[in-house]
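Examination of the molecular architecture
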Amino acid sequence: DADIAMYQAKREVGIYYKFYEPKMHLNTDESLKIEIDLRNALARQEFVVYYQPIVSISTKEIIGFEALVRWNHPELGLLSPLKFIPVAETTGLIVPLGWLVLREACRQMQRWNNDLPQASALFVSVNMSSKQFAHKNVVEKIQSILDETQLPAANLKLELTESILIEHSDSIIAQLEAIRSMGIKLSIDDFGTGYSSLSYLHRFPFDTLKIDRSFIEDADSDFEKLEILQSVIKLAWNLGLEVIAEGIETQKNYFQLRALNCEL
């Protein structure tokens, strides 16, 4: 019971102790069930990849896609990543799952290349976990997937969160430079939601900065949020980074981001 309480405290930012409560057992049991189901799902290939379009704000044309994994659970139906990614991260199952998504996204992008001549100018963007970067052969693994799927490196973009940079700040620079030298573009995901540091943008070889949707929501009524949004876009421009804003859901969002010279 003490062990369960301790791990609960470790998971919550800013919480340094927890008293045990019986409902924690239920959470643990649920996590255990998800872990068991996840292992079976990987073996049974129950995961599917959806593709969210990335659109040019100026032309409204699709210029690429982001790969989003969903779990087609045999009992619970289609599950969002919020339901299983935290457990996958905790258990290390995110590593085989991450490679599965990358392989499938590359395979699909190459299918589009073969079927549609105009697809050669597009790219697919895939999230990578910090646990994948913990393996020394991450660059070789990415290259082998490109070779296997025959996808040109220019059609692939990899998305990294700030947590990867925090956990591997010294060892990851060489890996990222090797990946970029292959012709793959790199994006920093959800900028501004973690322990954001402007030094990341300077030290690491990124091509794109993605602004988290939390900065887009209510930006028209929250002037502080609007100021931050404008500052981040200007900073990215000054550093030669393209900017993607997540979660543009309304015409008002769209016109606002266009006025701020956000690109995608």
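Residues numbered from 1 in each chain as written. Predicted model: local features only at pLDDT ≥ 70, side-chain atom pairs only at ≥ 80, totals over all residues. Heavy atoms only, no water.

1. Quick look at the environment of Gln 108
As a reminder of what qualifies: Helix numbering and strand numbering both begin at the N terminus, where a helix is a DSSP run of H or I of at least 4 residues and a strand a DSSP run of E of at least 2. Using a 1.4 Å probe on the protein chains alone, a residue whose accessible area is under 20% of its type maximum counts as buried, one over 50% counts as exposed, and one in between counts as partly exposed. As used in this structure description, the phrase polar contact means that two N or O atoms lie within 3.5 Å; if the pair is within protein, one of them must be able to donate a hydrogen and the other to accept it, and residues adjacent in sequence are counted only when both atoms belong to side chains.
By the element assignment, Gln 108 lies in helix α4 (residues 94-115). Classification of Gln 108 as buried rests on a relative accessible area of 16%. Spatially, the C-alpha atoms of Gln 108 and Tyr 51 are 9.8 Å apart, while their sequence positions differ by 57 residues. Side chain to side chain, Gln 108 and Arg 111 meet in a polar contact 2.9 Å long.

2. Details of the packing of helix α6 (residues 138-149) against helix α8 (residues 172-181)
Two numbers describe a pair of packed helices, the interaxial angle and the distance between the axes. Just so we agree on the cut-off: Lines fitted to C-alpha atoms define the axes, with helix axes restricted to the stretch in contact, and inter-axis angles between N-to-C directions lie between 0 and 180 degrees. Angular relationships are summarised with four words: roughly parallel below 35 degrees, roughly antiparallel beyond 145, roughly perpendicular across 65 to 115, and oblique for the angles in between. The sense of a crossing depends on the near helix, which, turned anticlockwise from the far helix by less than a right angle, makes the crossing left-handed and, turned clockwise, makes it right-handed. Whether two residues are in contact is decided by their heavy atoms, any of which lying within 4.5 Å being enough. Gly counts as polar in this scheme, as do all residues outside two lists: the nonpolar Ala, Val, Leu, Ile, Met, Phe, Trp, Tyr, Cys and Pro, and the charged Asp, Glu, Lys and Arg.
With their axes 9 Å apart at the nearest point, α6 and α8 run at an angle of 20° to one another. As judged from the angle between their axes, α6 and α8 are roughly parallel. As α6 packs across α8, the resulting crossing turns out to be right-handed. Residue-level inspection shows Val 138, Val 139 and Ile 142 of α6 in contact with α8, the latter providing Gln 175, Ala 178 and Ile 179. A breakdown of the residues in the contact of α6 with α8 according to their chemical character gives 5 nonpolar, 1 polar and no charged.

3. Let's talk about the pairing of strand β1 (residues 47-55)
Sheet faces and side chains relate simply in a regular strand, where the side chains alternate between the two faces. Using the following cut-off: One bridge is not enough; two strands pair if DSSP finds at least two bridges between them.
As paired elements, β1 and strand β2 (residues 62-73) share 9 bridges and run antiparallel to each other. Along β2, the bridge assignment pairs Tyr 51 with Ala 67. What sits between the antiparallel neighbours β1 and β2 is a turn of 6 residues, in which Lys 60 has the positive phi angle 65°.

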